[in-house]
Amino acid sequence: MVPLPLINSIKKGIRVLLYAPLERRVKRICETYTVGPGGNIKELQEATSLLIKRVGRAKVDKLNGLLAQGYFDPVFSYLLKYYYDPLYKYPDGPSGDYELSVDTSDIEKASDI
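Residues numbered from 1 in each chain as written. Predicted model: local features only at pLDDT ≥ 70, side-chain atom pairs only at ≥ 80, totals over all residues. Heavy atoms only, no water.

**Thoughts on the nonpolar core**
Val 26, Val 55, Leu 67, Phe 72, Val 75, Phe 76 and Leu 79 are the most contacted members of the largest nonpolar core, which totals 17 residues. Mapped onto this core, the elements with two or more residues apiece are α2 (22-33), α3 (41-49), α5 (57-68) and α6 (72-88). Ranked by residues supplied to this core, first place goes to α6 with 7 residues. (Core = buried A, V, L, I, M, F, W, Y, C linked by side-chain atoms within 4.5 Å. Buried < 20%, exposed > 50% of the residue type's maximum accessible area, 1.4 Å probe, protein only. Helix = DSSP H or I, 4+ residues; strand = E, 2+ residues; numbered from the N terminus.)

Quick look at the structure:
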């Protein structure tokens, strides 16, 4: 449970969007999730398999096949474009729905804001 004072602060707070182009986000995901033994392929396939009800068995089988071959970029790109971004209503650029929109393509530059 989240304490009520924290919930109230979140509701009253300034909405900040941190965004980056799809290609940059895919690169970050690859750098984070494919390090480790065997590129974490088994773990990535297990996680992708949990999406069968959302994206269908045929698509999950195709994505897991790509992961098995080490083709990470198309898998992460697909999941962002067709699953996660729509699910979380992630805008791909500045949005008037936020008080501040920050392009995080260059983390150093973004941290200066």
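**A closer look at the pattern of salt bridges**
Side chains that differ in sign of charge can pair as their charged atoms come close. Inspection of every chain in the model, using the stated rule, returns 1 salt bridge. The partner of Arg 25 in a salt bridge is Asp 85, and the shortest N-O contact between them spans 2.6 Å. Of this pair, Arg 25 sits in helix α2 while Asp 85 is found in helix α6, placing the two residues 60 residues apart along the sequence. The buried category is assigned to Arg 25, whose relative accessible area is 13%. Residue class for Asp 85 comes out buried when judged on its relative accessible area of 15%. (Salt bridge = Lys/Arg side-chain N within 4 Å of Asp/Glu carboxyl O.)

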